[in-house]
Amino acid sequence: MERQKIFDNTEVAFQLKSDTELERAHFLFKMISIEPLVKIGTAVTNFAIKANLPVEGLIRSTVFDHFCGGVNEDDCLDIIERMYELGVSSVLDYSVEGKESEAHFDAAMEKTLKIIRFSEEKDSMPIAVFKPTGFGRFHLYQKKGEGKPFTADEQAEWDRVVDRFDKVCRLGKERDVEILIDAEESWMQDAADQLVTEMMRKYNTESTIVYNTLQMYRHDRMDFLKAEHEVAKKEGFLLGYKIVRGAYMEKENDRALEKGYLSPICESKQATDINFNDAVKYILDNLDTISLFAGTHNEESSYLVMDLMQKKNIENADNRVWFGQLFGMSDNISFNLANLGYNVAKYVPFGPVKDVMPYLIRRAEENTSVAGQTGRELMLIKKEKARRKLK
């Protein structure tokens, strides 16, 4: 199939969706395409949940079921297995956000360990994921990154954070399950980066188990990637990077403005795209020492990875190169890549409906802010509806 047409095959893209699910997707993306509606819907949903109004059923049957696998791991199994039959793996993502107690951090770690054990038994789940702030307080990372001294209590708290990272990465190594560690806001990221590099140094010896995440809307990330590579080559360990464009742009720019420092965000979407593509090229040029997880909904970037792999004679199924998209989005990329034998994984969020709402709201807001994303989804859904002769 010619290059431009690969991601236009809606029969492959939506083969898992029933007519009813396709209709729901059409309705949701139509709603998400109206920015004022997203803002109103977000405010109303937040209010309804805080006021304990009975809206969970409605949320569950619409936006939750489209963007999430279920409320717990077992709930997700059916869709995980169905996707895997079509060549798409799953990354189970416990998407509960904003909890800041030691009990919650321990619970998040236990949940991640459980997913790794779960993953070991399932070929469909070769990768696990967690967020740094799922394992420790945001403020602690920030203070550590700024080089400010910890109190004795804070040091003990930080030691527990390090221990949680270590337990998860060690089990990943033991069970041969790869661990993706998400990136967050720049002012806490330095400490997270140092900790993830320490885990790579310890566990990425024979193969790549631990992956850090680089948000390429940050103009300093290429320099960071190259500097880390020099360290890894010198010390003899492997690197793994999930490359994404980024998820906190407005927050980053607002804070930089408020505090009077240069924003870490690239000056334009085009500069971000160039940065992302440069990172992909650099990693594929150094695939003997760096593994790539290309987390992107961008078709051009996906084609770039495919083209470079072909030029460099990298097999489609080489385990050092993965593509990743979010569940409920860009099925045209995920399933068409899998159909050609590439390694593809969907991030499948799960958790109690109320606790996952911050994640879902961010998804809706991101879709309205990414130019063309929702329009492309809608166009493909309409095309498939026409192919199926649905009204």
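All of the points below concern the structure found in this document. Bear in mind the structure is a predicted one, so any value in this text is a computation, not a measurement.

## Structural notes on unusual backbone geometry
Then comes step 1: For Ser 330, which is not a glycine, the phi torsion comes out positive at approximately 50°.
Then comes step 2: Locating Ser 330 in the fold gives a position in the loop between strand S7 (321-326) and helix H14 (331-339).
Then comes step 3: The phi angle at Lys 389 is positive, at roughly 60°, despite the residue not being glycine.
Then comes step 4: The class of Lys 389 is exposed, set by a relative accessible area of 75%.

## Examining the packing of helix H12 (residues 269-285) against helix H13 (residues 299-311)
Then comes step 1: Across the interface, H12 lies against H13 with an axial gap of 10 Å and an inter-helix angle of 20°. Judged on the interaxial angle alone, H13 and H12 are roughly parallel. Where H12 crosses over H13, the handedness of that crossing is right-handed. From H12, Phe 276, Asn 277, Val 280, Lys 281 and Leu 284 reach across to H13, where they touch Ser 301, Leu 304, Val 305 and Leu 308.
Then comes step 2: Looking at the contact of H12 with H13, its residues break down into 6 nonpolar, 2 polar and 1 charged.

## A short note on the sheet that holds S7
Then comes step 1: The parallel closed barrel is built from 8 strands, whose spatial order is S1-S2-S3-S4-S5-S6-S7-S8. Direction aside, neighbouring strands of the sheet carry axes that sit 30° apart on average.
Then comes step 2: Two elements, strand S2 (residues 127-130) and strand S3 (residues 178-181), share 4 bridges in a ladder whose sense is parallel. Within S3, the residue paired with Ile 127 across the bridge is Glu 178.
Then comes step 3: Its contacts with the sheet place helix H8 (residues 152-175) against S2, S3 and strand S4 (210-215), and it is angled at close to 145° to S3.

## Digging into the side chain of Arg 221
Then comes step 1: Tracing the sequence through the fold places Arg 221 in helix H10 (residues 221-235).
Then comes step 2: By relative accessible area, Arg 221 is classed as buried at 4%.
Then comes step 3: Only 3.1 Å separates the side chain of Arg 221 from the side chain of Asp 193, close enough to count as a polar contact.
Then comes step 4: Setting aside residues up to four positions removed in sequence, Arg 221 forms contacts with Asp 193, Leu 214, Gln 215 and Met 216.

## Topic: helix H16 (residues 373-387)
Then comes step 1: Spanning 15 residues, H16 covers 21 Å between terminal C-alpha atoms, matching the ideal 21 Å at 1.5 Å per step.
Then comes step 2: Along H16, the residues that are buried comprise Gln 373, Thr 374, Glu 377, Leu 378, Leu 380, Ile 381, Glu 384 and Lys 385. Viewed along the axis of H16, the buried residues span an arc of 165°, placing them on a single side of the element.
Then comes step 3: Looking at the residues trailing H16, positive phi occurs at Lys 389, about 60°.

## Some remarks on the pattern of salt bridges
Then comes step 1: Evaluated as defined, the whole model comprises 38 salt bridges.
Then comes step 2: Across the salt bridge formed by Glu 299 and Arg 376, the nearest N and O atoms sit 2.6 Å from each other. Here Arg 376 lies in helix H16 and Glu 299 lies in helix H13, a separation of 77 residues in the sequence.
Then comes step 3: For Arg 376, a relative accessible area of 22% puts it in the partly exposed group.

## Side note on the pairing of S7
Then comes step 1: Most of S7 is tucked away, with 6 of its 6 residues classed as buried.
Then comes step 2: Side chains of S7 alternate between two faces, with Val 321, Phe 323 and Gln 325 and Trp 322, Gly 324 and Leu 326 buried alike.
Then comes step 3: Taking the sense of rotation as the criterion, the β-α-β connection linking strand S6 (residues 290-295), H13 and S7 turns out right-handed.
Then comes step 4: Pairing of S7 with strand S8 (residues 344-350) involves 4 bridges; the strand directions are parallel. Counterpart to Phe 323 in the pairing with S8 is Val 344.
Then comes step 5: For the segment spanning S7, H14 and S8, crossover handedness is right-handed.

## Structural notes on the packing of helix H9 (residues 186-203) against H10
Then comes step 1: Contact geometry of H9 with H10 gives a least axis separation of 12 Å together with a crossing angle of 30°. Compared by their axis directions, H9 and H10 come out roughly parallel. Classified by chirality, the crossing of H10 by H9 is right-handed. Between H9, through Asp 193, Thr 197 and Arg 201, and H10, the contact on the second element is made entirely by Arg 221, Phe 224, Glu 228, Val 231 and Glu 235.
Then comes step 2: Among the residues making up the contact of H9 with H10, the classes are represented as 2 nonpolar, 1 polar and 5 charged.

Thresholds applied
- Position numbers for residues count from 1 along each chain, tracking the sequence in the order it is written.
- With the structure being a predicted model, the display of local features is reserved for residues of pLDDT at least 70 and the display and counting of side-chain atom pairs for 80 or more, all residues being used for whole-chain, interface and lining totals.
- For side-chain calculations, the full set of non-hydrogen atoms in the structure is used, while hydrogens and water are omitted.
- Only DSSP runs of H or I with at least four residues qualify as helices, and only runs of E with at least two residues qualify as strands; both kinds are numbered from the N terminus onward.
- Buried, partly exposed and exposed residues are distinguished by accessible area as a fraction of the type maximum, computed with a 1.4 Å probe on protein chains only: under 20%, between the cut-offs, and over 50%, respectively.
- Axis definition: a line fit to C-alpha positions, over the contact stretch in the case of helices; interaxial angles, taken between N-to-C directions, run 0 to 180 degrees.
- When an angle is under 35 degrees it counts as roughly parallel; over 145 it counts as roughly antiparallel; between 65 and 115 it counts as roughly perpendicular; any other value is oblique.
- With the far helix as reference, a near helix turned anticlockwise by less than a right angle produces a left-handed crossing, and one turned clockwise produces a right-handed crossing.
- We call two residues contacting when some pair of their heavy atoms lies within 4.5 Å.
- Basically, the charged four are Asp, Glu, Lys and Arg, the nonpolar ten are Ala, Val, Leu, Ile, Met, Phe, Trp, Tyr, Cys and Pro, and anything else, Gly included, counts as polar.
- Paired strands, in this sense, are two strands between which DSSP finds at least two bridges.
- Two N or O atoms form a polar contact when they lie within 3.5 Å of each other; inside protein one atom must be a possible hydrogen donor and the other a possible acceptor, and for residues adjacent in sequence the pair counts only when both atoms belong to side chains.
- The span one expects for a helix is its residue count, reduced by one, times 1.5 Å.
- An arc is given here, and it is the one of the directions from the helix axis to the C-beta atoms.
- The salt bridge definition used is simple: a Lys or Arg side-chain nitrogen within 4 Å of an Asp or Glu carboxyl oxygen.
- Crossover handedness is defined here as right-handed if the route from the first strand over the helix to the second strand goes clockwise, with the strands pointing away from the viewer.

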